[in-house]
Amino acid sequence: MKRKFRWLVLWLTVVLALSGIAVPLSTTAAAPPEERLQHALLLEIQKMKQSPEAEGMVVGFEVDSLSNGKVLAAHRAEQTFVPDSAVQLLTAAAAVDHWPKDWKTSTRLSVDGKVSGDGTLTGDVILEGRGDPFVETRDLERLAKGLKQKGVRRITGNLVVDDTHFDRIRLGESWMWDEEPFSYSAQIGALGVNGNTVDVTVNPGDWREPPEVNVSPAPEYMRVVNRAQTVLGTDDSIRVERTRARNELVITGEIGLFHRPVRVKRTVEEPDLFTGHVMKHALEEQGIVFSDASRVIRGTVNWGEAVVQLSSPSLDFWLREMIHKDDHLAAEMLLKQLGAEEKQVGSAEKGIDAVQDFTKRLAIPDAGNLQQKDGSGFSRMNVVSPCHLVHLMEGMDKHPEGRRYFSLLPTAGEKGPLQERMTGSAAEGRLQAVPSEAEGIGGLTGLVTAENGEKLAFSIMINGVNRSEDARRLVDEMGETIASYPDVPDPGPPSPDPKLPLNETLDPILKDPAYKGIIYGVAVRSVNTGETLYDENAKSLMTPASNTKLFTSAAVLEALGSDARYETRLYRTGPVEQGVLKGDLVLQGTGDPTWSTEGSLQVQEGPTLEQVVQDIQKAGIRRIEGNLVADTSAFSDAVYGKGWAWDNESDYYQPQITALTMNRGTVRFDYLPGEKPGDPIQLNLTPKTNYVRVVNEVTTGTAGSKNTLRIQRDRGSNTIRLTGSIPVDFKGDYTRVPVENPHLYVMTVLKENLEKEGVILSDSSRVTSNTLPRGAEPIAVYTSPPLAEIVSYLNKNSDNFYAEMLLKTAGYRKEREGTTAAGLRVVEQHLKKIGFTSPYQMEDGSGLTRYTLFSPEQLVTLLTAMTKQKEFAPFYESLPVAGVDGTLKNRMKNTAAQGNLRGKTGSLTHVSSLSGYVTTRDGERLAYAIVMNGYTEASERSLQDRIGQALAEFSRGSR
């Protein structure tokens, strides 16, 4: 295709010249090839971004010659992107450097005890894993057969599983909780089988009956809750979900009587125990009998000689599977192997240390900006620049194992992930690269043999992708262009951006070299005139963090009105006879975020649980024979947002979202050191409740010692563990920890408070949840503060809990569906009303998810449009004021921005944003948005503050 284009250009030039038409000399002949390449790649990006669906893409690239290290073309090359599977190139390079191609690991079966003449093993059988991700059921069957051949017929002890070669952290950093059931998010352990998944088959049952569900292997390991139904027809709407943090499968939906079986894979919790159960089945299939008391348990064994042993596939097979199939489990196991081998600790953290040691040896520039968080690239906390990856390619080209390393990469037009891509072009058969493709992400990194035989290393990275097919088409076109080097037609340089009034003021601030690693977008618009005063990457779709709350609060205010209030109702389901309630107490929630207990956890003048106790007593109830019931039916979907991180579930800013909750879904711990080193710390829990189980192992350290306090809630439970130490001279602090099932937390604390006040509950009374039954009698109604006050607290304090509660409330009230999806439809309706046309991605109400994408221009469009809306005043007043209150209280003090600039802050790891309003020296009100993604060691807030101050000082007359 490229060759045809070049011949067409030449033919047209000749024809026009022969016709007497003056034709300028071809820039292809005049410009050096690297300049032509630069222009051609930039033009391809520019052309793609002319489409509204693709205009938000942020593209960076670098192309280097491997013969002389010369940079041939580059754009945003030093800015750090979320790379997806390109991270595997780092993991694979370190592995190739460390091990030979035929390196293998093993899985071993041993015995701890004596085998008698009749084949009875008096002792345990031990299964040890050393990190092989490719073990299958048939491999364990081979081990079982080998043990039988050794004469074992009966086992009196346990089956002990040992996976201590790796640590017990089962998922990668910031992996998404809602992806856990799927095979690409399988749990990581040194001992596993079948990719740490089970096969689930759903077969139609009898008409109107539940379908038949089969799970293998080890069906007893998974509890199955079958809520599905067989119906007439051939359709199916079957969903197979795994309950978070539990080995429980929930089957819902319908399957047609004549539909074929539905087959899916689902991951398991604790893969070592799962593998033990599969191993036990395999042994029993061989006729080896366990005693009734035998169990599958964990243990650590000092190993002698293995009775039977399995070897893994060779390292290069492992690497090829990882790269060609984007095998996350293989990548994570490999990363932990690197930690175990090089750092003597089988953890991702130590594996990353090993990779970093290797990249330092390669002298990758600005390696400090390269932030690797896992082995596969599944974590969206990874950030890498095109420059980093190109220098990795250059380093591996000089490495003794370089040829081997590059042989592992997929080739354009050949079997693998690039088989159907770039065919019929100069790239086919000559370009070897790892593609990156995930929600919001695209890219291609590798090397190519150019038309002239020169080897080139390249990396193309894209974030802010709205449609994956656009990103794929762009990287393929760019790959084809790079492969055609040096014979690249020159389209000329892209046209320069127009000069805007704030260029001279803001350009020098943003070009500070300390921030070269971040992708930034800045938009400034005059609210008075609508004029754009500054536009730097303003159309780029970026992760906005808590700037998302601007969209949530604006839409909810406009949809519900600033005077709207919540009502929570208390009911009884039976009569009160001589002080005895012959029925249940039901508290029906509708999403009020202001509920609390009195004291340190009360942040607004909303309803309190103490008021409920008083109203129950006023109703003459002295004894309750029924249950305490939470009705949370107003909200009906997941308690966490899409893409929220599994390892943030213990952090106060990620509580569970239900229609009835209090204290922002958390309990509070206040802590002080003990009197002397070695003493337990002083710990106070608020509210004082048995709903949570507290395991406090924190001690007092010596004066000046490091504070190592760690507070973690066990997943899926209300056991909260405190470990580490605090120095004896520590002044004290507090933190909040989210609870599991916050609606049951409310009712448990209510029960405890009632008992303290002398209200008796029968022995059979329970705390539970259900919908309000018909005929229930009202006792009391609890009203929240007005929505304007709630939104003010939300934005001033950037409270994630408030944002999510409001979003679902909007869905419940306007769409009759208390879900995130319904709330997002309300936001979408508001954005359409104010003139939004360009694509965006919004996935939650708070900005906790990294899937949400907005551009600075879209933020400014919202801010400008809100100045003309009915609810602008409460929206504007809800924003923090620089140097005065909220999250801006300590920023921009003693500057022109203090008391003037209002802005909503946003912060996640590798994300920082600030958007709002500021008045210039001329009295002109500006709407501004500053969004920064990527890594820098410098303070992003400092850069934002400099911009905010410059905007406050701006005067059109002084230009």
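Residues numbered from 1 in each chain as written. Predicted model: local features only at pLDDT ≥ 70, side-chain atom pairs only at ≥ 80, totals over all residues. Heavy atoms only, no water.

Overview of the sheet that holds strand 2 (residues 71–75)
- As summarised here, the arrangement of the 5 strands in space is 2-1-20-19-18, forming an open sheet in which the pairing is antiparallel. Edge positions in the open sheet fall to strand 2 and strand 18 (431–438), since each of these has one partner strand only. Pairwise comparison of adjacent strand axes, ignoring direction, gives a mean angle of 5 degrees for this sheet.
- Two strands pair when backbone bridges link them, and strand 1 (residues 58–65) and strand 20 (residues 455–463) are joined in this way by 8 bridges, in the antiparallel orientation. Counterpart to phenylalanine 61 in the pairing with strand 20 is isoleucine 460.
- Against the sheet, helix 3 (residues 33–48) engages strand 1 and strand 2, with an angle of about 25 degrees to strand 2. (Pairing = 2+ DSSP bridges. Helix = DSSP H or I, 4+ residues; strand = E, 2+ residues; numbered from the N terminus. Axes fitted to C-alpha atoms, helices over the stretch in contact; angles between N-to-C directions. Contact = heavy atoms within 4.5 Å.)

A closer look at the pattern of salt bridges
- Within this structure, the stated rule accounts for 58 salt bridges.
- A salt bridge links arginine 130 to glutamate 128; the nearest nitrogen and oxygen atoms lie 3.4 Å apart.
- Residue classification places arginine 130 among the partly exposed residues on the basis of a relative accessible area of 30%.
- When the shortest N-O distance is used, the salt bridge between glutamate 625 and lysine 582 registers 3.8 Å. Taken together, the residues span a long stretch of sequence, with glutamate 625 in the loop between strand 27 (623–624) and strand 28 (628–631) and lysine 582 in the loop between strand 25 (580–581) and strand 26 (585–588) at a distance of 43 residues.
- Judged by its relative accessible area of 35%, glutamate 625 falls in the partly exposed class. (Salt bridge = Lys/Arg side-chain N within 4 Å of Asp/Glu carboxyl O. Buried < 20%, exposed > 50% of the residue type's maximum accessible area, 1.4 Å probe, protein only.)

Thoughts on the packing of aromatic side chains
- For the coordinates displayed, the defined rule picks out 24 aromatic pairs.
- Between phenylalanine 801 and tyrosine 802 the ring centres are 6.2 Å apart and the planes differ by 70 degrees, which places this aromatic pair in the edge-to-face class.
- Judged by relative accessible area, which is 2%, phenylalanine 801 ranks as buried.
- Among the aromatic side chains, those forming a connected cluster through ring pairs are Trp99, Trp103, Phe134, Phe317 and Trp318.
- Its guanidinium or amino end placed over the ring of phenylalanine 290, lysine 280 lies 5.1 Å from that ring's centre, counting from NZ or CZ. (Phe/Tyr/Trp six-rings, centres within 6.5 Å; stacked < 30°, edge-to-face > 60°. Lys NZ or Arg CZ within 6 Å of the ring centre and 35° of its normal.)

Digging into the sheet that holds strand 29 (residues 666–672)
- As summarised here, the arrangement of the 3 strands in space is 30-29-36, forming an open sheet in which the pairing is antiparallel. Two strands close off the open sheet at either side, each with one partner strand: strand 30 (682–686) and strand 36 (733–738). Sheet twist, expressed as the average angle between the axes of neighbouring strands with direction ignored, equals 25 degrees.
- Of the pairings in the sheet, the one linking strand 29 to strand 36 comprises 6 bridges and is antiparallel in character. Each residue of the ladder has a partner; that of arginine 668, found in strand 36, is arginine 736.

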